Amino acid sequence: MASVANVTVSSTGARLLSLPRTLASSKGCCSFISSSKCYSKLGFNPLQHRSRALPSRKLLIRAARTESKGVSLGFRAPEFELPEPLTGKVWKLEDFESHPALLVMFICNHCPFVKHLKKDIVKLSNFYMKKGLAVVAISSNAATTHPQDGPVFMAEEAKIFNYPFPYLYDESQNVARDFGAVCTPEFFLYRKDGRRPFELVYHGQFDDSRPSNNVPVTGRDLSLAIDSVLSGQPVPSIQKPSVGCSIKWHPKT
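Calculation criteria
- Residues numbered from 1 in each chain as written.
- Predicted model: local features only at pLDDT ≥ 70, side-chain atom pairs only at ≥ 80, totals over all residues.
- Heavy atoms only, no water.
- Pairing = 2+ DSSP bridges.
- Helix = DSSP H or I, 4+ residues; strand = E, 2+ residues; numbered from the N terminus.
- Axes fitted to C-alpha atoms, helices over the stretch in contact; angles between N-to-C directions.
- Contact = heavy atoms within 4.5 Å.
- Buried < 20%, exposed > 50% of the residue type's maximum accessible area, 1.4 Å probe, protein only.
- Arc of directions from axis to C-beta.

Mind showing me how you'd approach the sheet that holds strand 7 (residues 167–169) here?
Backbone-to-backbone hydrogen bonds join strands into a sheet, with any given pair of strands oriented parallel or antiparallel. Judged by pairing direction, the sheet is mixed, and its five strands sit side by side in the order 7-6-5-9-10 without closing on themselves. Both edges of this open sheet fall to strand 7 and strand 10 (199–202), since each of them pairs with a single strand only. Taking the axes of each pair of neighbouring strands and ignoring which way they run, one obtains an average angle of 35° across the sheet. Bridge count between strand 6 (residues 133–139) and strand 7: three bridges; the pairing is parallel. Across the sheet, residue Ile 138 finds its bridge partner in strand 7, namely Leu 168. Where helix 3 (residues 112–129) meets the sheet, it contacts strand 5 (101–106), strand 6 and strand 9 (186–191), and its direction lies at approximately 150° from that of strand 6. Lying on the sheet, helix 6 (residues 220–230) is in contact with strand 5, strand 6, strand 9 and strand 10; it crosses strand 9 at an angle near 10°.

Okay, here's the thing in C-alpha coordinates:
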(Lines give C-alpha, C1' and ligand atoms only; values in the text may rest on other atoms or scores of the structure.)
Protein backbone atom coordinates (compact mmCIF):
# COMPACT_ATOMS: atom_id res chain seq x y z
CA MET A 1 0.00 0.00 0.00
CA ALA A 2 1.32 3.46 -0.90
CA SER A 3 2.10 5.93 1.85
CA VAL A 4 3.29 9.52 1.96
CA ALA A 5 6.98 9.95 2.78
CA ASN A 6 9.04 12.96 3.84
CA VAL A 7 12.27 12.78 1.86
CA THR A 8 15.51 14.42 3.00
CA VAL A 9 17.97 15.26 0.24
CA SER A 10 21.62 15.98 1.02
CA SER A 11 23.29 18.90 -0.75
CA THR A 12 26.24 16.68 -1.50
CA GLY A 13 24.14 13.85 -2.88
CA ALA A 14 25.18 10.19 -3.04
CA ARG A 15 27.70 9.23 -5.68
CA LEU A 16 28.79 5.95 -7.15
CA LEU A 17 32.30 5.18 -5.96
CA SER A 18 34.66 4.58 -8.86
CA LEU A 19 37.07 1.70 -8.36
CA PRO A 20 40.47 1.25 -10.00
CA ARG A 21 40.47 -0.68 -13.26
CA THR A 22 42.43 -3.49 -11.63
CA LEU A 23 39.76 -3.92 -8.96
CA ALA A 24 37.00 -4.34 -11.53
CA SER A 25 38.84 -7.27 -13.06
CA SER A 26 39.83 -8.93 -9.78
CA LYS A 27 38.81 -12.55 -9.59
CA GLY A 28 35.78 -13.29 -7.45
CA CYS A 29 34.70 -9.64 -7.18
CA CYS A 30 31.64 -7.99 -8.67
CA SER A 31 32.74 -6.42 -11.95
CA PHE A 32 30.79 -3.19 -11.48
CA ILE A 33 31.05 -2.48 -7.77
CA SER A 34 32.91 -4.63 -5.25
CA SER A 35 31.09 -6.28 -2.40
CA SER A 36 32.09 -5.65 1.21
CA LYS A 37 33.98 -8.96 1.20
CA CYS A 38 36.10 -7.81 -1.71
CA TYR A 39 36.81 -4.53 0.04
CA SER A 40 38.02 -6.33 3.15
CA LYS A 41 40.26 -8.68 1.18
CA LEU A 42 41.91 -5.77 -0.59
CA GLY A 43 42.15 -3.66 2.55
CA PHE A 44 40.09 -0.88 0.97
CA ASN A 45 37.04 0.73 2.48
CA PRO A 46 35.60 3.47 0.19
CA LEU A 47 33.67 5.04 3.06
CA GLN A 48 36.96 5.83 4.81
CA HIS A 49 38.27 7.58 1.71
CA ARG A 50 35.36 9.93 1.19
CA SER A 51 36.02 13.62 1.44
CA ARG A 52 34.53 15.54 4.33
CA ALA A 53 30.81 15.96 3.76
CA LEU A 54 29.27 19.40 3.62
CA PRO A 55 26.40 20.23 5.98
CA SER A 56 23.22 18.69 4.65
CA ARG A 57 20.35 20.75 3.35
CA LYS A 58 16.93 19.37 4.18
CA LEU A 59 14.22 19.46 1.56
CA LEU A 60 10.81 17.99 2.26
CA ILE A 61 9.14 16.31 -0.69
CA ARG A 62 5.66 14.84 -0.70
CA ALA A 63 5.81 11.54 -2.57
CA ALA A 64 3.77 8.35 -2.70
CA ARG A 65 6.14 5.60 -1.52
CA THR A 66 5.43 2.22 -3.12
CA GLU A 67 7.28 -1.11 -3.22
CA SER A 68 7.59 -3.35 -6.27
CA LYS A 69 5.69 -6.62 -5.81
CA GLY A 70 3.43 -9.27 -7.27
CA VAL A 71 5.58 -10.57 -10.16
CA SER A 72 6.96 -14.11 -9.91
CA LEU A 73 10.44 -15.11 -11.05
CA GLY A 74 10.30 -17.09 -14.28
CA PHE A 75 7.68 -14.68 -15.64
CA ARG A 76 8.12 -14.23 -19.41
CA ALA A 77 8.79 -10.73 -20.71
CA PRO A 78 5.58 -9.37 -22.25
CA GLU A 79 5.56 -8.21 -25.85
CA PHE A 80 5.58 -4.44 -26.29
CA GLU A 81 5.71 -1.87 -29.07
CA LEU A 82 6.48 1.63 -27.83
CA PRO A 83 7.80 4.90 -29.31
CA GLU A 84 11.03 6.59 -28.28
CA PRO A 85 10.24 10.34 -28.02
CA LEU A 86 13.88 11.36 -28.61
CA THR A 87 14.22 9.65 -32.01
CA GLY A 88 10.68 8.75 -33.03
CA LYS A 89 11.71 5.09 -33.43
CA VAL A 90 9.28 2.39 -32.34
CA TRP A 91 10.89 -0.38 -30.28
CA LYS A 92 9.67 -3.95 -29.79
CA LEU A 93 10.72 -6.77 -27.48
CA GLU A 94 12.09 -8.65 -30.49
CA ASP A 95 14.65 -5.88 -31.04
CA PHE A 96 16.55 -7.25 -28.03
CA GLU A 97 16.34 -10.97 -28.90
CA SER A 98 20.04 -11.24 -29.80
CA HIS A 99 21.15 -10.30 -26.28
CA PRO A 100 21.72 -12.81 -23.44
CA ALA A 101 19.91 -10.61 -20.91
CA LEU A 102 17.51 -7.68 -20.87
CA LEU A 103 17.03 -5.04 -18.18
CA VAL A 104 13.67 -3.26 -18.29
CA MET A 105 13.40 -0.19 -16.05
CA PHE A 106 10.25 1.74 -15.29
CA ILE A 107 11.33 5.31 -14.54
CA CYS A 108 10.07 8.85 -15.04
CA ASN A 109 11.34 12.44 -14.96
CA HIS A 110 9.91 13.91 -11.76
CA CYS A 111 10.16 11.16 -9.11
CA PRO A 112 12.74 11.98 -6.37
CA PHE A 113 13.61 8.27 -6.04
CA VAL A 114 14.52 8.16 -9.74
CA LYS A 115 16.41 11.45 -9.58
CA HIS A 116 18.42 10.05 -6.68
CA LEU A 117 19.69 7.17 -8.87
CA LYS A 118 19.55 8.65 -12.37
CA LYS A 119 23.26 9.34 -12.97
CA ASP A 120 24.22 5.98 -11.50
CA ILE A 121 21.64 4.13 -13.59
CA VAL A 122 23.37 5.63 -16.63
CA LYS A 123 26.80 4.55 -15.34
CA LEU A 124 25.64 1.01 -14.64
CA SER A 125 23.91 0.75 -18.03
CA ASN A 126 26.97 2.01 -19.91
CA PHE A 127 29.15 -0.53 -18.11
CA TYR A 128 26.98 -3.59 -18.73
CA MET A 129 25.78 -2.72 -22.23
CA LYS A 130 29.41 -3.10 -23.30
CA LYS A 131 29.27 -6.64 -21.88
CA GLY A 132 26.17 -7.60 -23.88
CA LEU A 133 23.27 -6.54 -21.64
CA ALA A 134 20.30 -4.96 -23.40
CA VAL A 135 18.68 -2.09 -21.49
CA VAL A 136 15.42 -0.23 -22.05
CA ALA A 137 13.63 2.36 -19.90
CA ILE A 138 9.89 2.98 -19.96
CA SER A 139 7.80 5.84 -18.58
CA SER A 140 4.14 5.02 -18.02
CA ASN A 141 3.04 8.05 -15.99
CA ALA A 142 -0.06 9.92 -17.12
CA ALA A 143 1.02 13.14 -18.83
CA THR A 144 -2.43 14.60 -18.17
CA THR A 145 -1.72 14.75 -14.44
CA HIS A 146 2.10 14.93 -14.64
CA PRO A 147 3.01 16.83 -17.83
CA GLN A 148 6.68 16.88 -16.82
CA ASP A 149 6.69 13.12 -17.54
CA GLY A 150 5.27 13.53 -21.05
CA PRO A 151 7.12 12.69 -24.29
CA VAL A 152 8.53 16.18 -24.97
CA PHE A 153 10.20 16.33 -21.57
CA MET A 154 11.27 12.69 -21.85
CA ALA A 155 13.21 13.53 -25.00
CA GLU A 156 14.89 16.43 -23.21
CA GLU A 157 15.75 14.21 -20.24
CA ALA A 158 17.28 11.52 -22.44
CA LYS A 159 19.43 14.15 -24.16
CA ILE A 160 20.53 15.95 -20.98
CA PHE A 161 21.58 12.76 -19.18
CA ASN A 162 22.88 11.12 -22.36
CA TYR A 163 20.85 7.95 -21.89
CA PRO A 164 22.64 5.06 -23.63
CA PHE A 165 19.35 3.10 -23.72
CA PRO A 166 16.03 3.88 -25.44
CA TYR A 167 13.59 5.76 -23.18
CA LEU A 168 10.09 4.74 -24.29
CA TYR A 169 6.67 6.24 -23.64
CA ASP A 170 3.81 3.96 -22.55
CA GLU A 171 0.91 6.35 -23.10
CA SER A 172 -1.83 3.73 -22.71
CA GLN A 173 -0.14 2.29 -19.58
CA ASN A 174 -0.94 -1.18 -20.91
CA VAL A 175 2.74 -2.16 -20.96
CA ALA A 176 3.15 -1.24 -17.29
CA ARG A 177 0.13 -3.40 -16.47
CA ASP A 178 1.48 -6.29 -18.57
CA PHE A 179 4.78 -6.19 -16.69
CA GLY A 180 3.08 -5.74 -13.33
CA ALA A 181 4.97 -2.49 -12.70
CA VAL A 182 3.70 -0.30 -9.86
CA CYS A 183 6.48 2.17 -9.03
CA THR A 184 9.42 4.22 -10.28
CA PRO A 185 12.12 3.13 -10.33
CA GLU A 186 11.31 -0.55 -10.83
CA PHE A 187 13.77 -3.04 -12.29
CA PHE A 188 13.06 -6.26 -14.22
CA LEU A 189 16.06 -8.35 -15.27
CA TYR A 190 15.45 -11.13 -17.81
CA ARG A 191 17.69 -13.99 -18.92
CA LYS A 192 17.69 -15.29 -22.51
CA ASP A 193 18.54 -18.96 -22.99
CA GLY A 194 19.00 -19.67 -26.69
CA ARG A 195 15.71 -19.48 -28.55
CA ARG A 196 13.63 -19.58 -25.38
CA PRO A 197 11.74 -16.40 -24.37
CA PHE A 198 13.21 -13.92 -21.90
CA GLU A 199 12.50 -15.14 -18.34
CA LEU A 200 12.49 -12.95 -15.25
CA VAL A 201 15.37 -13.71 -12.86
CA TYR A 202 15.55 -10.48 -10.83
CA HIS A 203 12.82 -8.08 -9.71
CA GLY A 204 14.35 -5.99 -6.97
CA GLN A 205 16.09 -2.82 -5.88
CA PHE A 206 19.07 -0.96 -7.32
CA ASP A 207 20.66 -0.93 -3.86
CA ASP A 208 19.89 0.14 -0.27
CA SER A 209 20.26 3.88 -0.96
CA ARG A 210 17.22 6.15 -0.70
CA PRO A 211 16.94 9.96 -0.92
CA SER A 212 16.44 10.11 2.86
CA ASN A 213 18.88 7.59 4.37
CA ASN A 214 22.37 8.90 3.51
CA VAL A 215 23.44 5.47 2.24
CA PRO A 216 25.86 5.80 -0.72
CA VAL A 217 24.58 4.74 -4.14
CA THR A 218 26.48 1.67 -5.36
CA GLY A 219 24.06 -0.29 -7.57
CA ARG A 220 25.23 -3.36 -5.67
CA ASP A 221 22.01 -5.44 -5.68
CA LEU A 222 21.27 -4.97 -9.35
CA SER A 223 24.89 -5.30 -10.49
CA LEU A 224 25.34 -8.58 -8.60
CA ALA A 225 22.23 -9.94 -10.33
CA ILE A 226 23.51 -8.84 -13.75
CA ASP A 227 26.92 -10.37 -13.06
CA SER A 228 25.25 -13.68 -12.21
CA VAL A 229 23.18 -13.67 -15.39
CA LEU A 230 26.04 -12.75 -17.72
CA SER A 231 28.30 -15.39 -16.14
CA GLY A 232 25.66 -18.12 -16.33
CA GLN A 233 25.23 -18.35 -12.57
CA PRO A 234 21.88 -18.56 -10.72
CA VAL A 235 20.47 -15.35 -9.28
CA PRO A 236 19.44 -15.52 -5.60
CA SER A 237 15.67 -15.85 -5.25
CA ILE A 238 15.56 -13.67 -2.12
CA GLN A 239 15.47 -10.11 -3.46
CA LYS A 240 14.70 -6.79 -1.80
CA PRO A 241 11.87 -4.89 -3.52
CA SER A 242 12.52 -1.62 -5.27
CA VAL A 243 11.06 1.40 -3.49
CA GLY A 244 9.86 4.55 -5.23
CA CYS A 245 6.96 6.72 -6.31
CA SER A 246 3.78 5.01 -7.42
CA ILE A 247 3.09 5.02 -11.15
CA LYS A 248 0.72 7.85 -11.90
CA TRP A 249 -2.25 6.11 -13.50
CA HIS A 250 -4.72 7.90 -15.72
CA PRO A 251 -7.66 9.33 -13.72
CA LYS A 252 -10.70 7.05 -13.89
CA THR A 253 -13.41 8.27 -16.20
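What am I meant to see in helix 4 (residues 151–160) here?
Residues spaced three or four apart along an α-helix face the same direction, because each turn holds 3.6 residues. Where helix 4 is concerned, the buried positions are Met 154, Ala 155, Glu 157 and Ala 158. One side of helix 4 carries all its buried residues, which in axial view fall inside an arc of 160°. Turned more than 90 degrees away from the buried face of helix 4, the exposed residues are Val 152, Lys 159 and Ile 160. Those residues of helix 4 that are buried are in contact with helix 3, strand 6 and strand 7. The positive-phi residue at the C-terminal boundary of helix 4 is Asn 162, with phi of around 55°.

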